[in-house]
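Residues per chain are reported as follows:
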Amino acid sequence: VAAAAPIALYGFVMAATWIDFVGDRLVSLLPFLGVVLHIPSPVMGLTVLAWGDSMGDLATNVALAKKGLANMAMTACFASPLFNMVNFSLRACAVAGILALALAKCASLLNSLAL
């Protein structure tokens, strides 16, 4: 059992590395396709990238509905984007708070140097 843990950890790291590599290549391929097909970057971002980001939710919601959990699937349709917005908002607030603390620290340092 003790020897299985390093193998599982290695497998997890390799899987995460491959997912990161393939995802990075696919995302970097999309702007190239936009240039070749003469599609503006904002349109690519609002359509193709958003569509790709939503495919996981679609697959999950369809699977839930097929299992007879339609209420859960409908709830997930609204909850997933809401949680994404809340997550982004919390991160933005955290960054703003850190910047405010850093600016306050710099201001107090400048005030102490001016005296």
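Thresholds, definitions, all that
Along each chain, the written sequence defines residue order, and numbers are assigned to residues from 1. Owing to the predicted nature of the model, reporting of local features is limited to residues with pLDDT of at least 70; listing and counting of side-chain atom pairs is limited to 80 or more, with chain, interface and lining totals taken over all residues. Note: side-chain values were computed over all heavy atoms of the structure, leaving out hydrogens and water. In this description a helix means any DSSP run of H or I spanning at least four residues, a strand means any run of E spanning at least two, and both kinds are numbered starting from the N terminus. The classification of residues rests on relative accessible area computed with a 1.4 Å probe and restricted to protein chains. Under 20% of the type maximum is buried, over 50% is exposed, and intermediate values are partly exposed. Any two residues whose heavy atoms approach within 4.5 Å at even a single point are treated as in contact. Expected span of a helix, by definition, is 1.5 Å for each gap between consecutive residues, and there is one gap fewer than residues. Throughout, bend refers to the angle between the axes fitted to the seven residues that end at a position and the seven residues that start at it. For cavity detection a 1 Å grid was placed over the protein atoms alone, and a set of points counts as a cavity when a 1.4 Å probe fits there but cannot get out; an open set counts as a pocket when protein lies on both sides within 12 Å along at least five of seven lines, with lining residues being those that have an atom within 4 Å of a point. Grid points are joined across faces, edges and corners, and a volume is the space filled by probe spheres set on the points. Gly counts as polar in this scheme, as do all residues outside two lists: the nonpolar Ala, Val, Leu, Ile, Met, Phe, Trp, Tyr, Cys and Pro, and the charged Asp, Glu, Lys and Arg. A side-chain nitrogen of Lys or Arg and a carboxyl oxygen of Asp or Glu constitute a salt bridge if their distance falls within 4 Å. Between N-to-C directions, angles cover 0 to 180 degrees, with each direction set by a line fitted to C-alpha atoms, over the stretch in contact for helices. An angle below 35 degrees is read as roughly parallel, one above 145 as roughly antiparallel, one from 65 to 115 as roughly perpendicular, and any other as oblique. Take the far helix as the reference: if the near one is turned anticlockwise from it by less than a right angle, the crossing is left-handed, and if turned clockwise, right-handed. Values of pLDDT, the confidence the predictor places in each residue, fall between 0 and 100. Any Phe, Tyr or Trp ring, taking Trp's six-membered ring, that has another such ring centre within 6.5 Å forms a pair; planes under 30 degrees apart are called stacked, those over 60 apart edge-to-face, and the others tilted.

Chemist: Residues and numbers for the side chain of Asn61, please.
Modeler: Checked against the element boundaries, Asn61 lands in helix α2 (residues 41-66). A residue is classified by how much of its surface remains accessible, and Asn61, at 13% relative accessible area, is buried. Once you skip the residues sitting within four places of it in the chain, Asn61 turns out to touch Ala73, Ala76 and Cys77.

Chemist: If you had to explain helix α3 (residues 70-114) to someone new, which residues and values would you point to?
Modeler: Helix length check: α3, at 45 residues, gives a terminal C-alpha distance of 66 Å against a target of 66 Å (1.5 Å per residue), a fit within 8%. Residue Ala76 marks the point of greatest curvature in α3, where the axis turns by about 30 degrees.

Chemist: Give me the lowdown on the layout of surface pockets, citing residues and values where you can.
Modeler: What the largest pocket holds in volume is close to 170 Å³. As for the largest pocket, its lining consists of Gly23, Leu26, Val27, Leu29, Leu30, Val48, Leu49, Gly52 and Asp53. At the level of elements, α1 (4-36) and α2 are the ones that each hand at least two residues to the lining of the largest pocket. Classifying every residue of the lining of the largest pocket gives six nonpolar, two polar and one charged.

Chemist: Account for the pattern of salt bridges, naming residues and giving values.
Modeler: Applying the stated criterion across every chain, the model contains one salt bridge. Between Arg25 and Asp24 there is a salt bridge, with the nearest N and O atoms lying 2.9 Å from each other. Owing to a relative accessible area of 43%, Arg25 belongs among the partly exposed residues under this scheme. On the basis of relative accessible area, Asp24 is assigned to the partly exposed category, the value being 40%.

Chemist: Can you explain the packing of α2 against α3? Please cite residues and give values.
Modeler: Working note: a packed helix pair is described by the angle between its axes plus the distance between those axes. The geometry of α2 relative to α3 is characterised by a closest axis approach of 7 Å and an angle of 160 degrees between their N-to-C directions. Here α3 runs roughly antiparallel to α2, going by the angle between their axes. Considering the relative orientation of α2 and α3, their crossing is right-handed. Along the contact surface, α2 presents Asp57, Asn61, Leu64 and Ala65, while α3 presents Ala70, Met72, Ala73, Ala76, Cys77 and Ser80. When the residues that make up the contact of α2 with α3 are grouped by side-chain class, the tally is seven nonpolar, two polar and one charged.

Chemist: Talk me through the confidence of the model for the protein; I want residue IDs and the actual numbers.
Modeler: The pLDDT averaged across the protein works out to 85; a share of 96% of its residues lies at or above 70. Averaged pLDDT values for the elements of the protein fall to 84 in α2 and rise to 87 in α1.

Chemist: Lay out the packing of aromatic side chains in plain terms, naming residues and giving numbers.
Modeler: Taken as a whole and judged by the stated rule, the model has one aromatic pair. Relative to Phe21, the ring of Trp18 lies with its centre 5.9 Å away and its plane at 90 degrees, an arrangement referred to as edge-to-face. Linking Trp18 with Phe21, this pair stays in helix α1, spanning three residues, or about one helical turn.

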